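Structural features, examined
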Amino acid sequence: MGEITKTMKLHIYPDENAIREFMSMTEIYRQACNYISDYIFNNGFVLNSVSLSSSLYHELRDRFGLKSQLAQSAIRTATARY
C-alpha cells in the first residue's frame, strides 16, 4: 500500500521583531550567496557542491554566522543559479 501525504495551509502572523530577524537573516543569506558566486567566478567556475563546500563551508559559518544547513543551502543555491 502506498503512502498518503496530507498538505495543510497555514497562515503565520509574525510580530515586528520576528519580521526584522527574518529580513536580517535573508540579507545575510543573500550576501553569502553573492560571496559564493564571486568565488565561483574567480576560481574557474567550479560548480561541484562538494568541492565548494570543502573550500567555503567554514568561512561561510565564520564570516556570515550561518548555521550549518543555511551554509550548505547557500552553496546549493549559488551553484544552481549557474
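Residues numbered from 1 in each chain as written. Predicted model: local features only at pLDDT ≥ 70, side-chain atom pairs only at ≥ 80, totals over all residues. Heavy atoms only, no water.

Topic: the environment of G2
Along the chain, the position of G2 falls in the segment before α1 (16–42). Note on G2: relative accessible area 62%, which makes it exposed. As for G2 and L60, which are separated by 58 residues in sequence, their C-alpha atoms are 41 Å apart. (Helix = DSSP H or I, 4+ residues; strand = E, 2+ residues; numbered from the N terminus. Buried < 20%, exposed > 50% of the residue type's maximum accessible area, 1.4 Å probe, protein only.)

With respect to the packing of aromatic side chains
Given two aromatic rings, one states the distance between the centres and the angle between the planes to describe the pair. Evaluation of the coordinates by the stated rule reveals three aromatic pairs. Between the aromatic rings of F41 and F45, the centroid separation amounts to 5.4 Å while the plane-to-plane angle is 80°, which identifies the pairing as edge-to-face. A relative accessible area of 53% places F41 in the exposed class. An angle of 75° between the planes, with centres 5.8 Å apart, marks the rings of F45 and Y82 as edge-to-face. (Phe/Tyr/Trp six-rings, centres within 6.5 Å; stacked < 30°, edge-to-face > 60°.)

Observations concerning the pattern of salt bridges
Tallied over the entire structure, the rule returns two salt bridges. The residue E27 makes a salt bridge to R30 at a minimum N-O spacing of 2.5 Å. Of this pair, E27 and R30 both sit in helix α1, three residues apart, roughly one helical turn. The partly exposed category is assigned to E27, whose relative accessible area is 31%. Close ionic contact of R63 with E59 constitutes a salt bridge, the shortest N to O distance being 3.1 Å. One end of the pair, R63, and the other, E59, are both in helix α2 (residues 49–64), four residues apart, so they sit about a helical turn from each other. (Salt bridge = Lys/Arg side-chain N within 4 Å of Asp/Glu carboxyl O.)

Digging into helix α3 (residues 68–81)
The end-to-end C-alpha distance of α3, which contains 14 residues, comes to 20 Å, matching closely the 20 Å that a straight helix rising 1.5 Å per residue would cover. Every buried residue of α3 is accounted for by A71, A74, I75, A78 and T79. Taken down its axis, α3 places every buried residue within 125° of arc, on the same side. Away from its buried face, by an angle of more than 90 degrees, α3 presents the exposed residues Q69, A80 and R81. (Expected span 1.5 Å × (residues − 1). Arc of directions from axis to C-beta.)

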